[in-house]
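A look at the structure
Here is how the chains run, residue by residue.
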Amino acid sequence: MDVDPAERGPLRELSTRTLDCVHCGLCLPVCPTYRESGREQSSPRGRVYLMRAFAEGRIPLGPGVAEEMYLCLGCRACETACPSGVRYGSMLEAMRTEVEKAGLRRGLAKRIETFALRALVPHPRRLRRAIDALAIVERLRLDRLSTRVLPGPLRELAALAPRVPPLRDRRPLPGFVRAQGTRRGRVALFVGCVMPELFGRVNHATARVLARNGFDVVVPPDQGCCGALHAHAGDAEFAQHLARRNAAAIGRAQVDALVVNSAGCGAALREAGEWLGEEGAALAVSVRDVCELLDAAGLRAPAAQGGAKPPLRVCYDDPCHLVHGQRVAEAPRRLLRRIPGVELVAHEDPTSCCGAAGIYALTHRAMASAVLERKMASLAAVDPDVVASGNPGCILQLRTGVARSGLRARVAHPIELLDEAYAAEEGLPSKRS
Ligand code: SF4
Ligand code: SF4
């Protein structure tokens, strides 16, 4: 589809940004889709070339270009590798917005995506009811049946559905958790949309760990979904609407920082200035990943417990939107090293994508599986007791990978491991996921 010259105005900025690319190719070896396909058009350099050609009106926006934009995982490894400062992530979002405007993605999968992103994810009560329904399906073992009777895309969606945690892990957080010991600050905790239902344990652990480290924790009731999935799906307008709501909610909370324990949400919230201009600037600069904050503040390390035990071998795997999207790499590793009994072990490929990328595993199953397989081969060589990663999508994807490859490792958020160490210090039973 060609674009009316009158509508090319918004593309001028995209066109200008593509000029940062000097075609050096240093991003190619880190790009998962290039590594798997070997095709130039499936590399960052190739995609930047396509974006520029489209933005300058030299090629139409057709299904081939659209598919390359969605075959990209949005992992932003190319940004870290790029010596020229190409801001690939925001260019990709702009390009996907054009794909959506042109109506190039249709069909059942697209309709499910739109329904989930617009009508379900941003509405906590509806989302809770949907997760309640999923819990019933799992309890009655209907999920096994669904993998046989549902049509193609729905069957694949059902197969990827996560296990619903027990109700005690889905209980709401209190509005305020008081700091223990000397008070070091007042922070807001960003709870996310799916996190309370599927990773409530991590949210509760985060509040406890922050309080133990001297932070008053406020949980603003009027916060909501960060908009990351919407922006990645080319729905910039709705992502901005959600960012506006969060900017107002966090502004009212009057805190020193907004603490985020989901890498994808953190990266999106840091974009609020870009999405909203001045209106989102204060929100963007207030964002701190929970590991980043604790590391900068100086962690009150858990005390060692008596009795010699074999070390717990923990392998940290970087979430793309933490290491590439927020440039936080060492903080989680430093925190993990301070947990008594933990031996931090490294695998060869920690900063490459695991293939989670929102609903990518549903829309691009073959590529997602190939990317995950490469990651699991690297982890298998180390064979850790625990794989630690700070993003819910990555945790789910890594759990799938662990189950598929027959590894024995548990997959957990670094904050869960810290929380368990504090619980052990107090002689409390460990709250393991
Ligand atoms: S975001 Fe990831 S998958 Fe996409 S071009 Fe960059 S490195 Fe490749
Ligand atoms: S590393 Fe940066 S400048 Fe070099 S080809 Fe990739 S995007 Fe372009």
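First, a word on scope: everything that follows refers to the structure included in this document. (Residues numbered from 1 in each chain as written. Chains lettered and ligands numbered in written order. Predicted model: local features only at pLDDT ≥ 70, side-chain atom pairs only at ≥ 80, totals over all residues.)

This part takes up the overall build of the protein chain. Across its full length, the protein chain holds 24 helices and nine strands. For 433 residues, the compact-globule formula gives about 22 Å, and the C-alpha radius of gyration of the protein chain, at 22 Å, lands near that figure. In the protein chain, buried positions account for 45% of the 433 residues. In the protein chain, the proportion of contacts linking residues at least 24 apart, taken out of those at least 6 apart, comes to 77%. (Helix = DSSP H or I, 4+ residues; strand = E, 2+ residues; numbered from the N terminus. Rg over C-alpha atoms; globule rule 2.2 N^0.38 Å. Buried ≥ 20, exposed ≤ 12 C-beta atoms within 10 Å, placed from the backbone. Contact = placed C-beta atoms within 7 Å.)

The environment of ligand 2 is made up of 15 residues, and the closest members are C21, C24, C27, C82 and S84. Elements represented by at least two residues in the shell around ligand 2 include exactly helix 3 (44–55) and helix 5 (77–81). A per-element tally of the shell around ligand 2 places helix 3 first, with three residues. Tallied by class, residues from the shell around ligand 2 come to eleven nonpolar, three polar and one charged. (Near = placed C-beta within 6 Å. Nonpolar A, V, L, I, M, F, W, Y, C, P; charged D, E, K, R; others polar.)

As a further point, take the site of ligand 1. Residues in close proximity to ligand 1 total 14 residues, the closest being C31, P44, C72, C75 and C78. Within the residue set of the shell around ligand 1, elements represented by two or more residues are helix 2 (32–37), helix 3 and helix 5. Tallied by class, the residues present in the shell around ligand 1 amount to ten nonpolar, two polar and two charged.

Attention now moves to the sheet that holds strand 1 (residues 176–177). With mixed pairing, five strands are arranged side by side in an open sheet as 1-3-2-4-5. Where the open sheet ends on each side, the last strands, each with one partner, are strand 1 and strand 5 (287–289). Pairing of strand 1 with strand 3 (residues 215–218), which is carried by two bridges, proceeds in the antiparallel orientation. Across the sheet, the residue bridging to V177 is V217, located in strand 3. (Pairing = 2+ DSSP bridges.)

As a further point, take the pairing of strand 2 (residues 185–190). Across four bridges, strand 2 lies against strand 3 in parallel orientation. When the bridges of strand 3 are listed, R186 appears paired with D216. Two strands pair when backbone bridges link them, and strand 2 and strand 4 (residues 257–260) are joined in this way by four bridges, in the parallel orientation. Paired with A188 across the two strands is L258, which belongs to strand 4.

Take the environment of D256 next. Structurally, D256 is set in the loop between helix 14 (236–253) and strand 4. Residue classification places D256 among the partly exposed residues on the basis of 15 C-beta atoms within 10 Å. The spacing of D256 and V287 is 31 residues in sequence and 9.6 Å in space, taken between C-alpha atoms.

Our next topic: unusual backbone geometry. One non-glycine residue, Q254, adopts positive backbone phi at about 50°. We classify Q254 as exposed; it has 9 C-beta atoms within 10 Å. A positive phi angle is found at D383, which is not glycine, with a value near 50°. With respect to the helices, strands and loops of the structure, D383 is situated in the loop between helix 22 (365–380) and strand 8 (386–388). Given 13 C-beta atoms within a 10 Å radius, D383 is considered partly exposed.

Take the nonpolar core next. Counting 118 residues, the largest nonpolar core has V187, A188, F190, L258, V259, L269 and L336 as its most contacted members. Examining the composition of this core, we find that six residues originate from one element, helix 22, more than from any other. The residues contacting A188, other than those within four sequence positions of it, are V218, P220, I250, A253, V255, L258 and V259. (Core = buried A, V, L, I, M, F, W, Y, C linked by C-beta atoms within 7 Å.)

At a minimum axis distance of 10 Å, the contact between helix 20 (residues 330–337) and helix 24 (residues 414–425) shows a crossing angle of 20°. On the basis of the axis angle, helix 20 is roughly parallel to helix 24. Relative to helix 24, helix 20 is oriented so that their crossing is left-handed. Counted together, P332, L335 and L336 of helix 20 and P414, L417 and L418 of helix 24 form the full contact between these two elements. Of the residues assigned to the contact of helix 20 with helix 24, the class counts are six nonpolar, no polar and no charged. (Axes fitted to C-alpha atoms, helices over the stretch in contact; angles between N-to-C directions. Parallel < 35°, antiparallel > 145°, perpendicular 65-115°, else oblique. Left-handed = near helix turned anticlockwise from the far one by under 90°.)

So, about helix 23 (residues 392–405). In this model helix 23 runs 20 Å from its N-terminal to its C-terminal C-alpha over 14 residues, within 8% of the 20 Å that 1.5 Å per residue would give. Turning to helix 23, its buried residues number three or more, namely P392, G393, C394, I395, L396, Q397, L398, T400 and G401. Contacts from the buried residues of helix 23 go to helix 11 (195–198), helix 15 (263–269), helix 21 (360–363), helix 22, strand 8 and strand 9 (410–412). Once helix 23 finishes, G406 follows within two positions and takes phi at roughly 70°, a positive value. (Expected span 1.5 Å × (residues − 1).)

The next subject is the sheet that holds strand 8. Sheets are built from strands that pair by backbone hydrogen bonding, the pairs being arranged parallel or antiparallel. The four strands lie next to each other as 7-6-8-9, forming an open sheet whose pairing is parallel. Of all the strands in the sheet, the pair left with one neighbour each is strand 7 (342–345) and strand 9. Adjacent strand axes in the sheet meet at a mean angle of 30° when their direction is disregarded. Strand direction decides the pairing type here: strand 6 (residues 312–316) and strand 8, joined by three bridges, are parallel. When the bridges of strand 8 are listed, Y316 appears paired with A388. Each of strand 6, strand 7 and strand 8 is contacted by helix 20, which is oriented at about 150° to strand 7, the strand it contacts most. Sitting on the sheet, helix 24 touches strand 6, strand 8 and strand 9, and the angle it makes with strand 8 is about 120°.

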